[in-house]
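Residues per chain, in single letters:
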Amino acid sequence: SSMDAAARPLMIGMSGGLWLLLAAINFHFRRRSLALLVPVAFGISAVLMLIDFAVVGSQPSMASMAFFLQTNALGPILGGLFWLVASNRLDPRSARAGFGQILAAWTLGGLLGAIAAGQLPSWFGIGAMLPVLAVLNLMAGSLLWQMARLSAANEDALPNETIHDEVKRL
């Protein structure tokens, strides 16, 4: 609501360009270590949200544009990292059940997030969601980092035939 409607096409173009840059960086680093890329990407997202929170009171238009760029450019990359870690963690046989559980938790999280997004701004102002989102980014990054680390350890330590059994045990 604080962004001028005439600025939206430019912002969409800028977010597309930024996404291309971030995707190239992501591709470069993904080949090195997924366990390193995940916490760094989610940590950067959390820091950017806290910066948005710091300026939303004095410059709401600037914070709005920065948040728009961040969610449209970095959001798909964070989602892609999530699914990459999940698919690396689950073998094809256990992926069906695992992805079902992930989607159920995702749906519940979306419902709880919608309730929070509807209530928090009415009590504390629209900017109150930014630190909440920053904390959620840090939590997601931490959990995905642990999953990526376990996947890498399993691939290094176990032959391919026993990875399925190890995932079932966990």
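Parameters and conventions
- Residues numbered from 1 in each chain as written.
- Predicted model: local features only at pLDDT ≥ 70, side-chain atom pairs only at ≥ 80, totals over all residues.
- Heavy atoms only, no water.
- Helix = DSSP H or I, 4+ residues; strand = E, 2+ residues; numbered from the N terminus.
- Buried < 20%, exposed > 50% of the residue type's maximum accessible area, 1.4 Å probe, protein only.
- Areas by Shrake-Rupley, 256 points an atom, 1.4 Å probe, with all protein chains shown as cover.
- Patch = residues over 30% accessible without salt bridge, like charges linked within 9 Å, V, L, I, M, F, W, Y side chains within 5 Å.
- Salt bridge = Lys/Arg side-chain N within 4 Å of Asp/Glu carboxyl O.
- Expected span 1.5 Å × (residues − 1).
- Axes fitted to C-alpha atoms, helices over the stretch in contact; angles between N-to-C directions.
- Parallel < 35°, antiparallel > 145°, perpendicular 65-115°, else oblique.
- Left-handed = near helix turned anticlockwise from the far one by under 90°.
- Contact = heavy atoms within 4.5 Å.
- Nonpolar A, V, L, I, M, F, W, Y, C, P; charged D, E, K, R; others polar.
- pLDDT = per-residue confidence, 0-100.
- Core = buried A, V, L, I, M, F, W, Y, C linked by side-chain atoms within 4.5 Å.
- Polar contact = N/O pair within 3.5 Å; in protein donor to acceptor, adjacent residues only side chain to side chain.

Participant: Give a detailed account of the overall build of the protein chain, specifying residues and quantitative values.
Facilitator: Each helix and strand counted, the protein chain has 7 helices and 0 strands in total. Across the 170 residues in the protein chain, those meeting the buried criterion constitute 29%. By element, 70% of the accessible surface of the protein chain is carried by carbon and sulfur atoms, the whole surface being about 10,500 Å².

Participant: So what's going on with a nonpolar patch on the surface? Residues and values would help.
Facilitator: On the surface, Leu36, Val40, Ile44, Val47, Leu48 and Ile51 cluster together into a nonpolar patch covering about 510 Å² of accessible area. Residue placement: Leu48 occurs in helix H2 (residues 34-56). Using a relative accessible area of 35% as the deciding quantity, one classes Leu48 as partly exposed.

Participant: Requested: an account of helix H3 (residues 60-73), with residues and values cited.
Facilitator: With 14 residues, H3 should reach 20 Å at 1.5 Å per residue; the first-to-last C-alpha distance of 20 Å fits that figure. Among all positions in H3, only Ala63, Ser64, Leu69, Gln70 and Ala73 are buried.

Participant: Residues and numbers for the packing of H2 against H3, please.
Facilitator: Between H2 and H3, the shortest axis-to-axis distance is 8 Å and the interhelical angle comes to 165°. In terms of their interaxial angle, H2 and H3 are classed as roughly antiparallel. Along this stretch, H2 crosses H3, giving a crossing that reads as left-handed. Taking contact as the criterion, the partners of Ser45, Leu48, Met49, Asp52, Val55 and Val56 in H2 are, on H3, Pro60, Ala63, Ala66, Phe67 and Gln70. For the contact of H2 with H3, the residue count by class is 8 nonpolar, 2 polar and 1 charged.

Participant: Describe the confidence of the model for the protein chain, with residues and values.
Facilitator: Confidence in the prediction for the protein chain averages 77 pLDDT; 82% of positions are at 70 or higher. Confidence, read as mean pLDDT per element, is least for helix H7 (residues 160-169) in the protein chain (48) and greatest for H2 (87). Contacts of residues 157-164 to residues separated by more than four positions or lying in other chains number 7 contacts, the stretch itself having pLDDT below 50.

Participant: Run through the nonpolar core, naming residues and quoting values.
Facilitator: Nonpolar side chains in soluble globular proteins tend to be buried together. With 13 residues, the main nonpolar core has Leu34, Val38, Leu81 and Val85 as its most contacted residues. Of the residues forming this core, the biggest block, 6 residues, is contributed by H2.

Participant: Describe the side chain of Asn137, with residues and values.
Facilitator: Among the secondary structure elements, Asn137 is positioned in helix H6 (residues 129-157). Within polar-contact distance, the side chain of Asn137 engages the side chain of Ser45 at 3.0 Å.

Participant: Give me the environment of Phe67: which residues, what numbers.
Facilitator: Note on placement: Phe67 falls in helix H3. Along the sequence, Phe67 and Met49 sit 18 residues apart, while their C-alpha atoms lie 7.1 Å from each other. Those residues within four positions of Phe67 in sequence are excluded, and the remaining contacts are Met49, Asp52, Leu130 and Leu133.

Participant: Can you break down helix H4 (residues 75-89) residue by residue, with the values?
Facilitator: The first and last C-alpha atoms of H4 sit 21 Å apart over 15 residues, in line with the 21 Å expected at 1.5 Å per residue. Turning to H4, its buried residues are Ile77, Leu78, Leu81, Val85, Ala86 and Arg89.

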